[in-house]
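Here are the chains, one letter per residue:
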Amino acid sequence: MTRTVIGGLLGGLALYLVGFIFWGTPLAGLAFSTVDEGRSAAVQTVLAQNLTENGTGTYLIPNPGTPAGTTLFGQGPIATVHFNSGGFPVVDSAALISGLALALVTGLLIAFALAIVGRKVTDFADRARVALLFALAITLWIDIGQPLFNHYGAGYFIYLFLSDLIGLSACGLVIARWFMPRAEPVSQP
């Protein structure tokens, strides 16, 4: 149990560090489409004039919940807007701390899951395959599903997929390599 917890925490730390490389460095700029400062300011003004009343949230624009909205949605353009009415610092230490906590909890969950299969899967290569296949399955569904189902541009989501896949894989591999129960020798009759 102690090895599992230590492995989960170190795996979570690996997940966090990979996430920081992808999202806390200038590399993150690869994920986003941008517009010039003038158009950016104009869109920010329109957002402030039209969304602050309802506050922070995720908005589907136009809203296809009405007949007119359905028509407008079909004509395009459409947007899914993740909106924060108050803003926050570009480098937000509170988000970094809560993100670390989330990564550590995620690492613990992965460690406990691998500990369950580790009793039956005893060599590192097979444990690594289990960890990598779960990371791949989860990130394909969650990250690549978004542009497929919602017709978004794929660039951001491919970047997100790579960051999540590499982070979850690093977490799982750290746990599988150093913190799984040792394989018991098989006795020959």
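Everything in this summary refers to the structure shown in the same document. Treat the numbers as computed from the prediction; the structure is a model and nothing was measured.

## Focus: the environment of arginine 177
In step 1: One can find arginine 177 in helix H6 (residues 155–178).
In step 2: Note on arginine 177: relative accessible area 41%, which makes it partly exposed.
In step 3: With 171 residues separating them in the primary sequence, arginine 177 and isoleucine 6 have C-alpha atoms 13 Å apart.

## Here's the deal with helix H1 (residues 2–23)
In step 1: Taking 1.5 Å of rise per residue, the 22 residues of H1 would be expected to cover 32 Å, and the 31 Å separating its terminal C-alpha atoms lies within 8% of that figure.
In step 2: Listing the buried residues of H1 in full gives Thr4, Gly7, Gly8, Gly11, Gly12, Ala14, Leu15, Val18 and Phe22. Along the axis of H1, the buried residues cluster in a sector spanning 160°; they form a single face.

## Considerations on the nonpolar core
In step 1: Counting residues in hydrophobic clusters, the biggest one holds 14 residues, and the most contacted among them are Leu15, Leu114, Ile175 and Met180.
In step 2: Elements with a contribution of two residues or more to this core: helix H4 (93–118), helix H5 (124–150) and H6.
In step 3: Val18, Phe22, Ala31 and Tyr159 belong to the second largest nonpolar core, which has five residues in total.

## Concerning the layout of surface pockets
In step 1: Its boundaries defined by the atoms lining it, the largest pocket holds a volume of some 2700 Å³.
In step 2: Taken together, 47 residues line the largest pocket, and the ones lying closest to its centre are Trp23, Phe32, His82, Phe88 and Tyr156.
In step 3: Of all elements in the fold, only H1, helix H2 (37–51), strand E2 (79–83), H4, H5 and H6 reach the threshold of two or more residues within the lining of the largest pocket.
In step 4: Of the residues contributing to the lining of the largest pocket, the split by class is 27 nonpolar, 17 polar and three charged.
In step 5: Each pocket or cavity is described by its volume, and for the second largest pocket that value is around 240 Å³.

## Description of the environment of glycine 55
In step 1: Tracing the sequence through the fold places glycine 55 in the loop between H2 and strand E1 (57–61).
In step 2: By relative accessible area, which is 12% here, glycine 55 ends up buried.
In step 3: It is 7.1 Å that separates the C-alpha atoms of glycine 55 and asparagine 84, two residues lying 29 residues apart in sequence.

## Quick word on a nonpolar patch on the surface
In step 1: Together, Phe20, Ile21, Leu27, Leu30, Val90, Val91 and Leu96 make up an exposed nonpolar region whose accessible area comes to about 710 Å².
In step 2: Structurally, the position occupied by leucine 96 is in helix H4.

## Points about the packing of H1 against H6
In step 1: For the pair H1 and H6, interaxial distance at closest approach is 8 Å and the crossing angle is 155°. By the angle between their directions, the pair H1 and H6 is classed as roughly antiparallel. As H1 runs across H6, the sense of the crossing is right-handed.
In step 2: Split into classes, the residues belonging to the contact of H1 with H6 amount to 17 nonpolar, six polar and one charged.

## Looking at the packing of H5 against H6
In step 1: Running from amino to carboxyl end, H5 crosses H6 at an angle of 160°, the nearest separation of the two axes being 8 Å. One element, H5, and the other, H6, form an angle in the roughly antiparallel class. Between H5 and H6 lies a crossing of right-handed hand.

## Describing the packing of aromatic side chains
In step 1: A complete count under the given rule lists nine aromatic pairs for this structure.
In step 2: Between the aromatic rings of phenylalanine 32 and tyrosine 156, the centroid separation amounts to 5.5 Å while the plane-to-plane angle is 50°, which identifies the pairing as tilted. Taken together, the residues span a long stretch of sequence, with phenylalanine 32 in the loop between H1 and H2 and tyrosine 156 in helix H6 at a distance of 124 residues.
In step 3: Centre to centre, the rings of tyrosine 156 and phenylalanine 157 are 5.1 Å apart; their planes meet at 85°, and the pair counts as edge-to-face.
In step 4: Among the aromatic residues, those joined into a ring-pair cluster are Phe22, Trp23, Phe32, Tyr152, Tyr156, Phe157 and Tyr159.
In step 5: Stacked on the ring of phenylalanine 124, the Lys or Arg arginine 177 has its end atom at 6.0 Å from the ring centre.

## Topic: unusual backbone geometry
In step 1: Here the bond from isoleucine 61 into proline 62 is cis, since omega is -5°, no more than 30 degrees from zero.
In step 2: At the junction of glycine 76 and proline 77, the peptide bond is cis and its omega measures out at -5° in the coordinates.
In step 3: Within the secondary structure, proline 77 is located in the loop between helix H3 (67–75) and E2.
In step 4: Phi angles above zero are rare outside glycine, and histidine 151 is one such case at about 60°.
In step 5: Relative to the elements of secondary structure, histidine 151 occurs in the loop between H5 and H6.
In step 6: Looking at histidine 151, the relative accessible area reads 70%, which means it is exposed.

Calculation criteria
- For every chain, the first residue of the written sequence is number 1, and numbering continues from 1 onward in sequence order.
- For a predicted model such as this one, the threshold for reporting local features is a pLDDT of at least 70, and the threshold for listing and counting side-chain atom pairs is 80 or more; totals across whole chains, interfaces and linings nevertheless cover every residue.
- Note that the side-chain values use all heavy atoms of the structure and ignore hydrogens as well as water.
- Strands are runs of DSSP state E lasting at least 2 residues, helices are runs of H or I lasting at least 4, and numbering of each runs from the N terminus.
- Each residue is placed in one exposure class: buried if its accessible area under a 1.4 Å probe, protein chains only, is under 20% of its type's maximum, exposed if it is over 50%, and partly exposed if it falls in between.
- By definition here, a helix of n residues has an expected span of 1.5 Å times n minus one.
- The arc in question is the one spanned by the directions pointing from the helix axis to the C-beta atoms.
- Nonpolar cores were defined as sets of buried Ala, Val, Leu, Ile, Met, Phe, Trp, Tyr and Cys residues, with membership established by side-chain atoms within 4.5 Å.
- Points on a 1 Å grid over protein atoms alone make up a cavity when a 1.4 Å probe fits among them but cannot get out, and a pocket when they form an open set with protein on both sides within 12 Å along at least five of seven lines; lining residues each have an atom within 4 Å of a point.
- Grid points are joined across faces, edges and corners, and a volume is the space filled by probe spheres set on the points.
- Here the term charged refers only to Asp, Glu, Lys and Arg, the term nonpolar to Ala, Val, Leu, Ile, Met, Phe, Trp, Tyr, Cys and Pro, and the term polar to all other amino acids, Gly among them.
- Only residues whose relative accessible area exceeds 30% and that form no salt bridge enter a patch; like-charged residues are grouped when within 9 Å of one another, and nonpolar side chains (Val, Leu, Ile, Met, Phe, Trp, Tyr) when within 5 Å.
- Here, Shrake-Rupley sampling with a 1.4 Å probe gives the accessible areas, and only protein chains in the shown set may cover a residue.
- By convention in these notes, a salt bridge is any Lys or Arg side-chain nitrogen within 4 Å of a carboxyl oxygen on Asp or Glu.
- Between N-to-C directions, angles cover 0 to 180 degrees, with each direction set by a line fitted to C-alpha atoms, over the stretch in contact for helices.
- Comment on the angle field: the value is read as roughly parallel under 35 degrees, roughly antiparallel over 145, roughly perpendicular from 65 to 115, and oblique elsewhere.
- Each helix crossing is assigned a hand: it is left-handed if the near helix lies turned anticlockwise from the far helix by less than a right angle, otherwise right-handed if that turn is clockwise.
- When two rings of Phe, Tyr or Trp (its six-membered ring) have centres within 6.5 Å they constitute a pair, described as stacked for plane angles under 30 degrees, edge-to-face for angles over 60, and tilted for the intermediate range.
- For a ring to carry a charge above it, either NZ of a lysine or CZ of an arginine must fall within 6 Å of the ring centroid while also lying within 35 degrees of the normal to the ring plane.

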